[in-house]
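# Overview (structure and organization)
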Amino acid sequence: VIVSALVGGTLSEATGGKFANGAVSWAVQGAMGRESSSTEVDVVGSGGVTAAQGQINVSAEQFLQAESAQAGQLFCTQKCYATPDAAHEAAGNRYLGASLFARREAGWRVYRLSDQTYSFTYPSIGDIGAPSASLPDRLKGFVQHSAGHTHWDSNYQLSGQDWFLITNGGRRSGNGTTLYLAAGDGSLRFSTPQQARSLGTLVGARFSPYTGNFDGTVVSGVTIKTTYP
């Protein structure tokens, strides 16, 4: 946990944050991420150069605040989206534009429903200008397929912080999270734990924290809208 805190603090400084805030958030993540539970803190992050400047779009901000009031609840409960890709595409089209104009990350989960279709959840949102957001708490009684989020800045790839979540804290094996990204260039991409782990450097039972950005797999034929509304 201490090592994770130091690494998190260093990355926070590198991306323009405060060391203390970064260290505390990564320490909490490291401590709580050891066991999967409904109260775990799953953090996704961007960390590129700021792409949007000027005043926050009030309408986009109000929209994200209203949506986040239902964070973690299913957007659709039956006859939803045929594939996980389609569910993430729908979530990206709903939240990316507002995320860019409000300069807030939005994070959601995608679940497989009893009728074998897929639904995304209402999102949790990050602070204005922050390169991270926590995913909503997990829904009990539903099978999570994957998670997704937006980047509001100029990082159009998955980040080192995303890698940390995908690999379940840098574990060399076991459970992880397939993570999708709706990026500011309109791309939809994802990475599986196996793919992300191939980028890490193994040190003992864990990978050393991977801090670089990486492409993941781009979902072909999909362009997420970057406008709002």
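In this report, we go over the structure that sits alongside the text. (Residues numbered from 1 in each chain as written. Predicted model: local features only at pLDDT ≥ 70, side-chain atom pairs only at ≥ 80, totals over all residues. Heavy atoms only, no water.)

## Some thoughts on the nonpolar core
In this structure, Leu64, Tyr95, Trp108 and Phe120 are the most contacted members of the largest nonpolar core, which totals 27 residues. Of all elements in the fold, only α3 (58-68), α4 (84-102), β2 (106-112), β3 (118-120), β7 (179-182) and β8 (188-191) reach the threshold of two or more residues within this core. Ranked by the residues each element gives to this core, the list is headed by α4, at eight residues. Setting aside anything within four residues of it in sequence, one finds Tyr95 in contact with Phe63, Leu64, Glu67, Ala106, Trp108, Phe120, Thr121, Tyr122, Pro123 and Thr150. (Core = buried A, V, L, I, M, F, W, Y, C linked by side-chain atoms within 4.5 Å. Buried < 20%, exposed > 50% of the residue type's maximum accessible area, 1.4 Å probe, protein only. Helix = DSSP H or I, 4+ residues; strand = E, 2+ residues; numbered from the N terminus. Contact = heavy atoms within 4.5 Å.)

## Some details on unusual backbone geometry
Omega for the bond connecting Tyr228 with Pro229 falls within 30 degrees of zero, at 0°, which places this linkage in the cis form. As for its position among the elements, Pro229 is in the segment after β11 (217-218). Even without being glycine, Lys79 reaches a positive phi, approximately 50°. Relative to the helices and strands, Lys79 resides in the loop between α3 and α4. Even without a glycine there, the phi angle at Gln116 is positive, about 70°. With respect to the helices and strands, Gln116 occurs in the loop between β2 and β3.

## A word on the state of the cysteines
Under the definition given, this model contains one disulfide. Cys76 shares a disulfide with Cys80; S-S distance 2.0 Å. Judged by the torsion about the S-S bond (-95°), the Cys76/Cys80 disulfide is left-handed. For Cys80, a relative accessible area of 17% gives the class buried. (Disulfide = S-S within 2.5 Å.)

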